[in-house]
Amino acid sequence: MLDQLTYTEKKATRDGFGAGVFELGNQNDQVVALCADLVGSLKIQKFIDTHPERFIQTGISEANMMGIAAGLATAGKIPYATTFANFATGRVYDQLRQSIAYSHKNVKVCASHAGLTLGEDGATHQILEDIGMTRMLPGFTVINPCDYNQTKAATIAIAEHYGPVYLRFGRPSWPNFTPADQKFEIGKALLLNEGTDVSIFATGHMVWQAIEAAKGLAAEGISCEIINIHTIKPLDEEAVLDSVSKTGCVVSCEEHNRYGGLGDAIAQVLVKNNPVPMEYVAVNDTFGESGKPFELLGKYGLGVDDVKAAVKRAIDRK
Amino acid sequence: MSNIQELKRIASQVRRDIIRETHLAASGHPGGSLGCTEFMVALYFEIMDHDPSFNMDGKGEDIFFLSNGHISPVWYSVLARSGYFPVEELASFRKINSRLQGHPTTHEGLPGIRVASGSLGQGMSVAIGAALAKKLDGDDKTVFVLTGDGELQEGQVWEAALFAPHHKVDNLILTVDWNGQQIDGPTRDVLSLGDLPAKFESFGWEVMILEEGNDMESVVNALKEAKTKTGQGKPVVILMKTEMGYGVDFMQGTHKWHGKATNDEQTENALSQLEETLGDFPV
């Protein structure tokens, strides 16, 4: 099973978003895209060229964009509000909270350039707190797909779900290994590899890091179960507990601060139902910096070797 | 003219509702509510083509957003008095398990409310979104939005003010409650708004100044005039001069009743100045 987790091409998850929103726009005339001066970065030009009347350029004013999206949703439209993850969450948290979450608006907040892997722009743009912030908003669904194909599928699928969604994706080219024809099911964790020694729960770009780590560990005789948690909220608690009952220890992997993200979501489930040893692979409560994506992942504890080390620590604690 | 008299009679009852709602809750915001009573009554009983059976999407209707959500007492009163929900429910304002939250919200499903407001500065953006949706749907009705003047200190308002003319959102009528007061005092002392008409004009808005925002006939005429200015490529703003606390002598023209309810004695005094025209809601 692990051997089958391969890729032929690297593609950016944001390109998957662009392809998804274009396809969706052709299928559903209620979909409206908004962008705050980052059309090129969000890869939505094809949607705009095809449906110019359903695109709204707000300029560099994200708070206004989120409010407009809430107003469009009130009238039955399905707005996709797009910008960088930093500006889609921290900058507009009160707008997400009052005009969208509390008002239960069907707004899709679509956020690129999340995490360290945006690279050279540095910490001002490398948000590592967004999963935590959006998870805390009642009614929000939080999704962080792992590759191009999954991001495309998720982009299309969230239009069928009524309610606010935070869709998080990224900048770099990344191994595209999930099937092109996949059906994306919100809240349904995906078992990528069966294993017996440890459960690795990973989200976003870190799913591939987990796969690489598991391949390396297999050579050392360690059997890793890998589960892709593309939906952090609502969390597939059953999938978490089923896996843990078999393996007895956990490693969580996310491109996010160790506070508030996937690790904490899983830890909450474990503490209540089945406390087992758990290790976090996450950023250790700090900001990032400029650099290349893999340099940054390595420096901030999100490299393949860091995953491997976390697995060994978790197993040792059993 | 007879219709103006009828609107004034409704306004008197709405003012009684505001005083009684906030007195019963021992909290709330009577000052701005009293100041905007003519405007709200004119909108719901004369100007807007709206359906009290309430559809969230507001298709084919004129719709209203209240950005300065703290003046919920006046909004709840006009919604109830125009048939959105039972008048009796006004007694539950700010009470536990009520649909009439301190600040308006969709969360408890109160008919007439389309978005939560209270955290200031957001309503104009939402109204723009609803107005753009109307354009996409070929719906020629109008979107109204009210903001406070102190609220204009929020940056998001100016993002929206920049956006609306650029995108020719000309099915939008913004009204600013220009009472010159905010919680901490007169707006000119707290953070001056400067030349407000010039600001909106320079942003590309069609600007109207309503000098008598507490005179029913002037308000109705201004709103009718504003409607004639829609559909001409520009958003319309009415800078509406009002007096906070209007209609009750000891509450008028001061920020002191912005967020404070009257006590028993003051309530009696206030109610003695306002004719009961439609019947008070039961307690």
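Attention now moves to the overall build of chain A. Tallying secondary structure elements over chain A gives 13 helices and 14 strands in all. A globule of 318 residues ought to have a C-alpha radius of gyration of about 20 Å, and chain A, at 19 Å, matches this closely. Dimensions of chain A along its principal axes, counting C-alpha atoms only, are 55 × 40 × 35 Å. Of all 318 residues assigned to chain A, the portion counted as buried reaches 64%. Residue pairs at least 24 apart in sequence account for 81% of intrachain contacts in chain A once pairs closer than 6 positions are excluded. For chain A, the exposed area adds up to about 11,300 Å²; of that, 49% sits on carbon and sulfur atoms.

Moving on: unusual backbone geometry. Of note, the bond from Lys233 of chain A into Pro234 of chain A is cis; its omega dihedral lies within 30 degrees of zero at -5 degrees. Assignment of secondary structure puts Pro234 of chain A in the loop between strand 12 (231–233) and helix 10 (237–247). Look at Asn97 of chain B: it is not a glycine, yet its phi comes out positive at around 65 degrees. Along the chain, the position of Asn97 of chain B falls in the loop between helix 4 (72–81) and helix 5 (123–136). In this structure, Lys168 of chain B takes a positive phi of about 50 degrees despite not being glycine. For Lys168 of chain B, the position within the fold is in the loop between helix 6 (155–166) and strand 3 (172–178).

This next bit is on the sheet that holds strand 12 of chain A. Residue and element names in this part refer to chain A. The strand order across the open sheet formed by seven strands is 3-2-4-5-7-6-12, and the pairing between neighbours is mixed. Edge positions in the open sheet fall to strand 3 (55–57) and strand 12, since each of these has one partner strand only. Neighbour to neighbour, the strand axes of the sheet diverge by 20 degrees on average, direction disregarded. As paired elements, strand 6 (residues 141–143) and strand 12 share two bridges and run antiparallel to each other. Among the inter-strand pairings, Ile143 is bridged to a residue of strand 12, identified as Thr231.

As a further point, take the side chain of Gln182 of chain A. All names here are of chain A. Its location among the elements puts Gln182 in the loop between strand 8 (173–175) and strand 9 (190–193). Within the structure, Gln182 has its side chain in polar contact with the backbone oxygen of Pro179 (distance 2.9 Å). In this view, Gln182 contacts Asn149, Gln150 and Ala153; residues no more than four positions away in its chain are not counted.

This part takes up the side chain of Ser199 of chain A. Residues and elements named next belong to chain A. Summarising the element assignment, Ser199 is placed in strand 10 (residues 198–202). A polar atom in the side chain of Ser199 sits 2.5 Å from the side chain of Ser243. Apart from residues no more than four positions distant in its own chain, Ser199 is found in contact with Glu225, Ser243, Val244, Thr247, Cys249, Val250 and Val251.

Turning our eyes to something else, we now look at the pattern of salt bridges. Side-chain pairs of opposite charge can arise where the charged atoms are in close proximity. Counted under the stated rule, the structure contains 29 salt bridges over all chains. Between Arg91 of chain A and Glu62 of chain A there is a salt bridge; the shortest N-O distance is 3.2 Å. Here the residue Arg91 of chain A occupies a position in the loop between helix 5 (85–88) and helix 6 (93–102), and Glu62 of chain A occupies one in helix 4 (residues 62–74), the gap between them amounting to 29 residues. A salt bridge links Arg317 of chain A to Glu279 of chain A, with the nearest nitrogen and oxygen atoms 2.7 Å apart. One end of the pair, Arg317 of chain A, is in the segment after helix 13 (304–316); the other, Glu279 of chain A, is in strand 14 (residues 278–283), with 38 residues separating them in the sequence. Shared partners join several salt bridges into a network, and the residues in it are Arg16, Arg20, Glu276 and Asp280 of chain B.

With that settled, consider the interface of chain B and chain A. The partner chain A presents 25 residues to the 30 residues of chain B that form the contact. Roughly 2,100 Å² is buried in total at the junction of chain B and chain A, and carbon and sulfur atoms are behind 55% of that figure. Three residues stand out in chain B for area buried against chain A, namely Gln122, Leu136 and Glu159 of chain B, and they jointly supply 25% of the buried area on that side. Scanning the region where chain B abuts chain A turns up one salt bridge. Among the ionic pairs, Lys77 of chain A bridges to Asp137 of chain B, the shortest N-O distance being 2.5 Å.

As a further point, take helix 4 of chain A. Residue and element names in this part refer to chain A. Its 13 residues give helix 4 an end-to-end C-alpha distance of 18 Å, which sits within 8% of 18 Å, the value for a rise of 1.5 Å per residue. When you tally the buried positions in helix 4, you get 13 out of 13 residues, the bulk of the element. Remark: Gly76 follows helix 4 within two positions and exhibits a positive phi of approximately 95 degrees.

The next point concerns the domain arrangement of chain A. Residues and elements named next belong to chain A. Taken domain by domain, chain A holds domain 1 (9–175) and domain 2 (190–316). Here the C-alpha centre of domain 2 lies 25 Å away from the C-alpha centre of domain 1. Counting from both sides, the interface comprises 34 residues of domain 1 and, opposite them, 37 residues of domain 2. Summed over both partners, the interface of domain 1 with domain 2 buries about 2,700 Å², with 59% contributed by carbon and sulfur atoms. Summed over the three residues of domain 1 that lose the most area to domain 2, namely Leu116, Arg135 and Trp174, the buried surface amounts to 27% of that side.

Criteria and thresholds
- Residues numbered from 1 in each chain as written.
- Chains lettered and ligands numbered in written order.
- Predicted model: local features only at pLDDT ≥ 70, side-chain atom pairs only at ≥ 80, totals over all residues.
- Heavy atoms only, no water.
- Helix = DSSP H or I, 4+ residues; strand = E, 2+ residues; numbered from the N terminus.
- Rg over C-alpha atoms; globule rule 2.2 N^0.38 Å.
- Buried < 20%, exposed > 50% of the residue type's maximum accessible area, 1.4 Å probe, protein only.
- Contact = heavy atoms within 4.5 Å.
- Areas by Shrake-Rupley, 256 points an atom, 1.4 Å probe, with all protein chains shown as cover.
- Pairing = 2+ DSSP bridges.
- Axes fitted to C-alpha atoms, helices over the stretch in contact; angles between N-to-C directions.
- Polar contact = N/O pair within 3.5 Å; in protein donor to acceptor, adjacent residues only side chain to side chain.
- Salt bridge = Lys/Arg side-chain N within 4 Å of Asp/Glu carboxyl O.
- Buried area = accessible area lost by both parts, 1.4 Å probe.
- Expected span 1.5 Å × (residues − 1).
- Domains from an automatic or database assignment.

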